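Here's the letter readout for the chains.
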Amino acid sequence: MSTIDRAHCESRDLDDPLRHCRDRFSLPNGIVYLDGNSLGPLPKTAPEAVSRCVSAEWGDGLISSWNDARWIDLPARAGNLLAPLIGARPDEIVFGDSTSVSLFKLAAALLASSSRGKNIVSETGNFPTDIYILEGLIRLLGGRHDLVRADMGDVEAAIDDETALVVLTHVNYRSGAMHPMARITEKCRSMGIPLIWDLCHSAGAVPLDLQGDGIEYAIGCGYKYLNGGPGAPAFTYIRTSSQPAFDPVLTGWFSHARPFKFEPDYDPHQSIAKAQVGTPPVIALTGMVEGLKTFDDVDQNTIRTKSLALSDLFMALVDQELSEHGFEIVTPRNADNRGSQVSLVHTQGYAIMQYLIAKGFVGDYREPGLLRFGLTPLYLRFADIWDCIACMRDAMETGAWDRPEFGERKTVT
Ligand SMILES: Cc1ncc(COP(=O)(O)O)c(C=O)c1O
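A quick note: this is a predicted structure, and the numbers were derived from the prediction, not measured.

## As for the pattern of salt bridges
The final tally for this structure, using the stated rule, is 24 salt bridges. For aspartate 97, the salt bridge is made with lysine 105, and the minimal N-O distance between the two is 2.7 Å. Looking at lysine 105, the relative accessible area reads 6%, which means it is buried. Measuring nitrogen to oxygen at the nearest pair gives 2.7 Å for the salt bridge that ties glutamate 135 to arginine 149.

In structure tokens form, the structure reads like this:
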């Protein structure tokens, strides 16, 4: 294979059909941002929109803004914008609450309304909050269920007649490995087992077809690939045909059919609004809407094509430039099995990542030894990947990463 150089990367940037999208973000000068899988960058339109929401709508409009500025519609409005990105119908998504709470409300309702099986199947390496939420739920339900954790490749075999519920994160937060969503969904459907997909590392990053794949329930973050801002609300998806049978257990007033009638008895909404709980976080949702607008006029396949090209380039350059420096690529090389990040393991991963961040190449670190690089096609350039790997190569050749300040542990890594 011929050697890749910076000129090759620059020429790919010239041919990039998503080149114009970079201008939708406020990116600080001198930073190559490889952490959009943790916190998306600031959309250029967000400061003005959030400021309008605070000053004009809250400040001047006061409570009338629930009607006049249509604050009340924000959870569904954000859902409408997300729908085409995940292959859903607009009336199947609502924003609000965190992913953790959204998982609880779906899992609790599904377990409460089913008497089948006793096992809750998940992945050993699932994001910890998903596991913690399921463990708490098992305690709440009196220990009638067991949590079965299987390694990624063993998940399908773990789903059997004893299974009450399956909870899986589509793309693993550490390795970037991706489950075969359609196949697992079909297995659960044919056995009548409810399945919740956590799409935190998929929505906005890999093509999804929730309608086509028969997905019934899903949740996902707003603050990662969807660029909704720090602590942005998560989304909950319930397939139209599954909504009538879905019986909420977090029966807050915003899930009521007529919240502003203040009726003494509970009567759930018949639409996706039944997945809401309490008053929507208006300011955060305003930022969320601007994040979703950064995907305007961009189709999922164009994003995927560039995402795979970026990760192929990243891995090829690790092979070409860093082969003697002890890095191991843990992200699957096969395009069908990976999301939109590349993860490397190195015994000195923490200090190397701190060095890269100090040099303006912002990725992140996960214990033990994992360097994560999020590849976000809307604003990353091929030349950025070259520059990041070149910085790593220099660091490894000179030992520049090996200084006490790069070893100091920060609270958030
Ligand atoms: C796969 C996955 N699920 C859930 C969460 C937690 O989301 P939240 O903080 O919105 O509860 C994260 C956060 O990084 C995640 O990566």
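## Some thoughts on the packing of aromatic side chains
Aromatic ring pairs: the centre-centre distance and the angle between the two ring planes describe each pair. Inspection of the entire model under this criterion finds 14 aromatic pairs. Here the aromatic residues Trp253, Phe254, Phe260 and Phe262 are joined through ring pairs into a cluster of three or more.

## Some points on the nonpolar core
The biggest cluster of nonpolar side chains holds 94 residues, and the ones touching the most others in it are Ile86, Leu344 and Phe373. Residues from two domains meet in this core; each of domain 1 (6-30 + 299-407) and domain 2 (48-293) gives at least three. Sequence-distant contacts of phenylalanine 373, defined by excluding residues within four places in its chain, comprise Leu34, Phe314, Gln341, Val342, Leu344, Met353, Leu356, Cys388 and Met392.

## A word on the side chain of threonine 163
Mapping threonine 163 onto the fold places it in strand β7 (residues 163-169). Polar side-chain contacts of threonine 163 include one of 2.8 Å to the backbone nitrogen of aspartate 160. Ignoring sequence-local partners within four residues, the contact set of threonine 163 consists of Arg116, Gly117, Asn119, Val121, Ala158 and Ile193.

## Examining helix α2 (residues 46-60)
In this model, α2 (15 residues) spans 20 Å end to end at C-alpha, consistent with the 21 Å of a helix rising 1.5 Å per residue. Buried-residue contacts for α2 involve β3 (42-43), α3 (65-68) and α9 (282-293). Leucine 62, located one to two residues past α2, shows a positive phi value of around 50°.

## Some thoughts on the sheet that holds strand β11 (residues 328-329)
The strands making up a sheet associate through backbone hydrogen bonding, with each pair oriented either parallel or antiparallel. With antiparallel pairing, 4 strands are arranged side by side in an open sheet as β11-β12-β15-β14. Two strands lie at the open edges of the sheet, namely β11 and β14 (364-366), each paired on one side alone. In this structure, strand β12 (residues 341-345) lies alongside strand β15 (residues 370-374), joined through 5 bridges in antiparallel fashion. Paired with valine 345 across the strands is leucine 370, a residue of β15. With respect to the sheet, helix α10 (residues 300-321) is in contact with β11, β12 and β15, its orientation differing from that of β12 by roughly 25°. Together, β14 and β15 form the strand contacts of helix α11 (residues 349-358), whose direction differs from that of β15 by roughly 35°.

## Notes on the packing of helix α1 (residues 6-14) against helix α12 (residues 382-398)
Relative orientation of the contacting elements α1 and α12 amounts to 155°, with a least axis distance of 7 Å. Classed by the angle they form, the pair α1 and α12 counts as roughly antiparallel. Note on element contacts: α12 touches α1 through Phe382, Ala383, Trp386 and Asp387, opposite Arg6, Cys9, Glu10, Arg12 and Asp13.

Procedures and definitions
- Residues numbered from 1 in each chain as written.
- Predicted model: local features only at pLDDT ≥ 70, side-chain atom pairs only at ≥ 80, totals over all residues.
- Heavy atoms only, no water.
- Salt bridge = Lys/Arg side-chain N within 4 Å of Asp/Glu carboxyl O.
- Buried < 20%, exposed > 50% of the residue type's maximum accessible area, 1.4 Å probe, protein only.
- Phe/Tyr/Trp six-rings, centres within 6.5 Å; stacked < 30°, edge-to-face > 60°.
- Core = buried A, V, L, I, M, F, W, Y, C linked by side-chain atoms within 4.5 Å.
- Domains from an automatic or database assignment.
- Contact = heavy atoms within 4.5 Å.
- Helix = DSSP H or I, 4+ residues; strand = E, 2+ residues; numbered from the N terminus.
- Polar contact = N/O pair within 3.5 Å; in protein donor to acceptor, adjacent residues only side chain to side chain.
- Expected span 1.5 Å × (residues − 1).
- Pairing = 2+ DSSP bridges.
- Axes fitted to C-alpha atoms, helices over the stretch in contact; angles between N-to-C directions.
- Parallel < 35°, antiparallel > 145°, perpendicular 65-115°, else oblique.

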